[in-house]
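An overview of the molecular structure
Residue strings, one per chain:
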Amino acid sequence: MTGLDVAVWPSGAGLDDDGALRLAGHGATDLAAEHDTPVFVLDEAMFHERARLFRDAFTAAFEAIGSGVDVYYAGKSFLSVAVARWAYADGLRVDTCTGGELAVALRAQVPGEAIGLHGNNKSDSEIARAIDARVGRIVLDSVAEVGRVAAAARAAGRGPHDRVGVMVRVTTGIHAGGHEFIATAHEDQKFGISVTGGQALAALREVLTHPELELLGAHSHIGSQIQDVAAFEANARVMLALRADLERATGVLMPELDLGGGYGIAYVPGEEAMDVPAFARSLAATVQRVCAELDTTVPRVSIEPGRAVVGPTTVTLYRVGVVKPVTLDDGSVRTYVAVDGGMSDNIRPALYGARYTARLANRAGSPETVRARVVGKHCESGDIVIDEVALPADVAPGDLLAVPATGAYGRSMASTYNHVPRPPVVAVAEGTSRVLVRRETEDDLLALDLG
Ligand SMILES: Cc1ncc(COP(=O)(O)O)c(C=O)c1O
Ligand SMILES: N[C@@H](CCCC[NH3+])C(=O)O
């Protein structure tokens, strides 16, 4: 819509005649008045659009090569009961990685068979709970876990005729993703079992020795915020070769490969939104080509996007407090704009150097701009929301500031640092708005403190 970069702002965002922000027909000023700030505002229609886009694009691409696909929504990016319900209703499955995420998916009445459980350090109770819920698959992350899950399956009365579906998470050596902390398939890190030296192959063979486990396939996830299809394709090659190696060694052809999540989104103007159908077609073509080279059948594929589904749907609204011009050593001025949240609702800039953009949400503001740094209210000089952004020169205390693309890893990684209660998530649609996750209160925090 006019004045807004469509790659960065939700599809339901627009500006009214005064240049104030509207989200799915709701004025940002009204939303802030009703829910207070900071608040995460999620464009519900866009969540459905994004979920169905992944479902339809990948289904079409993989059906075209004679295969099928399951899209798991990665709950770690943002999960609430409503969101889990929506994802399932939109034809997605739900990927969880802790007992807490599993509990949310189950509360949403997502059937167990449509849930996956990950985790590099699952507890006995998480494993037992997943088996009890009859989740569709447990992704094994270490050799030790193979025996533990088999034992838990036996203890739950499962056997050769009622096996527990598992995958083995492997690291393929493909290094991708923006920051070291979010790259996950290089060798020297905690996730998965390496393909080098035959370790992954040995783990897959180990699964086959347990009659109560059904080996559904191998799983990989190479990192997050990846824009380049080549990295996914390189990963797919390694995974397909591993599948062929297992078949040669044992005669067992794994029916499925999970190629993980990690699809990137646009955070700042100038970055482009990914062309999901083109991406899916390119990946499917690679899978088909490599299968032909290996003279093997095309497996069923699953993927686990989180950020690319929910990230672009959400805008954080903050209230501006202190505005402080600071003269730098070179004589230039940087305007520090302090908002009423910060690293407790968005740790990504501090943790990964992640970049965001912002605009005033209650009015257009003056056409002249200042070089602004948006900072939070925490007792930490690294509490920076946006390192540098041009804001109207008349930005003032009381203004509303909107930061887009905060749907993934914002609320889900939020903390209560400095005893700042975590903000709510409000879903907006044309004519309706509702609180998905309520604001924490000081009473919530004090209730934990036993004195
Ligand atoms: C195993 C696994 N699957 C899926 C995801 C989701 O990643 P993204 O939100 O980047 O799509 C992650 C997080 O990086 C992950 O570790
Ligand atoms: N939390 C990370 C990405 C997900 C890592 C999970 N494996 C981020 O905000 O970018």
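The name an unreviewed UniProt entry gives the protein is Diaminopimelate decarboxylase, with Flavimobilis marinus as the organism. Listed under Function (unreviewed entry) in UniProt, the entry text for the protein is "Specifically catalyzes the decarboxylation of meso-diaminopimelate (meso-DAP) to L-lysine." What UniProt states about the protein under its Sequence similarities (unreviewed entry) heading is, verbatim, "Belongs to the Orn/Lys/Arg decarboxylase class-II family. LysA subfamily."

1. A word on the overall build of the protein
For the protein, the helix and strand inventory stands at 12 helices and 21 strands. Computed over C-alpha atoms, the radius of gyration of the protein comes to 23 Å, within 12% of the 22 Å expected from 2.2 N^0.38 for 451 residues, which places it in the range of a compact globule. Projected onto its principal axes, the C-alpha positions of the protein cover 70 × 55 × 50 Å. Evaluated residue by residue, the protein yields a buried proportion of 55% over its 451 residues. Contacts in the protein between residues far apart in sequence, at least 24 positions, make up 71% of those at least 6 positions apart. Within the protein, the 58 negative side-chain charges are centred at a point lying 4 Å from the centre of the 41 positive side-chain charges.

2. Considering the site of ligand 2
In the vicinity of ligand 2 there are 8 residues, among which Arg307, Arg348, Tyr352, Tyr409 and Met413 approach most closely. Take Arg348: an N or O atom from its side chain is 2.5 Å from an oxygen atom of ligand 2. Between ligand 2 and Tyr352 there is a distance of 3.0 Å, counted from a nitrogen atom to a side-chain nitrogen or oxygen. Contact with the protein chains covers 86% of the free accessible surface of ligand 2, which is 310 Å². Within the shell around ligand 2, the residues separate by chemical class into 4 nonpolar, 1 polar and 3 charged.

3. A look at the site of ligand 1
Surrounding ligand 1, one finds 16 residues, the nearest of these being His221, Ser224, Glu304, Arg307 and Tyr409. Between ligand 1 and the protein, one listed contact pairs an oxygen atom with a side-chain N or O atom of Ser224 at 2.3 Å. Contacts to ligand 1 include Gly306, whose backbone N or O atom sits 2.9 Å from an oxygen atom. Taking 390 Å² as the accessible area of ligand 1 by itself, protein coverage stands at 93%. Per-class residue counts for the shell around ligand 1 are 4 nonpolar, 7 polar and 5 charged.

4. Points about the pattern of salt bridges
Going through the model one piece at a time under the given rule, you end up with 23 salt bridges. One salt bridge in this structure joins Glu388 and Arg334, with 3.5 Å as the shortest N-O distance. Placement of Glu388 in strand 18 (residues 384–392) and of Arg334 in strand 15 (residues 333–339) is noted, with a sequence separation of 54 residues between them. When its relative accessible area of 44% is taken as the criterion, Glu388 is described as partly exposed.

Conventions we followed
- Residues numbered from 1 in each chain as written.
- Chains lettered and ligands numbered in written order.
- Predicted model: local features only at pLDDT ≥ 70, side-chain atom pairs only at ≥ 80, totals over all residues.
- Heavy atoms only, no water.
- UniProt positions renumbered as here; feature names shortened; annotations may be inferred.
- Helix = DSSP H or I, 4+ residues; strand = E, 2+ residues; numbered from the N terminus.
- Rg over C-alpha atoms; globule rule 2.2 N^0.38 Å.
- Buried < 20%, exposed > 50% of the residue type's maximum accessible area, 1.4 Å probe, protein only.
- Contact = heavy atoms within 4.5 Å.
- Lys, Arg positive; Asp, Glu negative; His and termini not counted.
- Charge placed at Lys NZ, Arg CZ, Asp CG, Glu CD.
- Near = heavy atom within 4 Å.
- Polar contact = N/O pair within 3.5 Å; in protein donor to acceptor, adjacent residues only side chain to side chain.
- Areas by Shrake-Rupley, 256 points an atom, 1.4 Å probe, with all protein chains shown as cover.
- Nonpolar A, V, L, I, M, F, W, Y, C, P; charged D, E, K, R; others polar.
- Salt bridge = Lys/Arg side-chain N within 4 Å of Asp/Glu carboxyl O.

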